[in-house]
Amino acid sequence: SLTTTNGVTLNQWNHVAVVQRSAGNTCTVFINGVASCTSNNFTFTYNGAYNNAVGVKYSNNASDLTTWFQGMMDDIRIYTVSLTTNQVRAIYNAGR
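No experiment lies behind these values; they were computed from the predicted model shown. (Residues numbered from 1 in each chain as written. Predicted model: local features only at pLDDT ≥ 70, side-chain atom pairs only at ≥ 80, totals over all residues. Heavy atoms only, no water.)

A look at the pairing of strand E2 (residues 26–31)
Step number 1: The buried count for E2 comes to six of six residues, which makes it a mostly enclosed element.
Step number 2: Burial of the side chains of E2 extends over both faces: Thr26, Thr28 and Phe30 are buried on one face and Cys27, Val29 and Ile31 on the other.
Step number 3: Sheet topology places E2 next to strand E3 (residues 34–39); five bridges connect them, and they run antiparallel. Residue Phe30 lies in a different strand from E3, and its bridge partner there is Ala35.
Step number 4: Once E2 ends, the chain turns through two residues before running back antiparallel as E3, passing Asn32 with a positive phi of about 55 degrees. (Buried < 20%, exposed > 50% of the residue type's maximum accessible area, 1.4 Å probe, protein only. Helix = DSSP H or I, 4+ residues; strand = E, 2+ residues; numbered from the N terminus. Pairing = 2+ DSSP bridges.)

What about a nonpolar patch on the surface?
Step number 1: On the surface, a cluster of nonpolar side chains totalling about 540 Å² of accessible area is made up of Val54, Phe69, Met73, Ile76 and Ile78.
Step number 2: Examined against the element boundaries, Phe69 turns out to sit in the loop between E3 and helix H1 (85–95). (Patch = residues over 30% accessible without salt bridge, like charges linked within 9 Å, V, L, I, M, F, W, Y side chains within 5 Å. Areas by Shrake-Rupley, 256 points an atom, 1.4 Å probe, with all protein chains shown as cover. Salt bridge = Lys/Arg side-chain N within 4 Å of Asp/Glu carboxyl O.)

A few points about the side chain of Ser36
Step number 1: Checked against the element boundaries, Ser36 lands in strand E3.
Step number 2: What makes Ser36 buried here is its relative accessible area of 18%.
Step number 3: For Ser36, the residues in contact, after removing those within four places along its chain, are Thr4, Asn6, Val29, Phe30 and Ile31. (Contact = heavy atoms within 4.5 Å.)

Thoughts on the pattern of salt bridges
Step number 1: Under the definition given, this model contains one salt bridge.
Step number 2: In this structure, Arg77 and Asp75 form a salt bridge, with 2.9 Å as the shortest nitrogen-oxygen distance.

What follows is the structure in structure tokens.
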């Protein structure tokens, strides 16, 4: 579980990035180019048994996918490599 105290600013453009590094099982959430929280014991395994959804709260119960993100999302990217802090910051700066 990841929880950040730095949230997004309502009614403004925000950049959110999540980077998982398999070395050390770390996962970091970046908000507007700044690391907001890191978990050092994070594992994610996708076995292909479930559909992926972006913008919905995760639930073990497939019929419970009811907490949808209230807003717009644009330019969603999924990379096959873990981005560095500088790469995340550069992407954020390019989109501002």
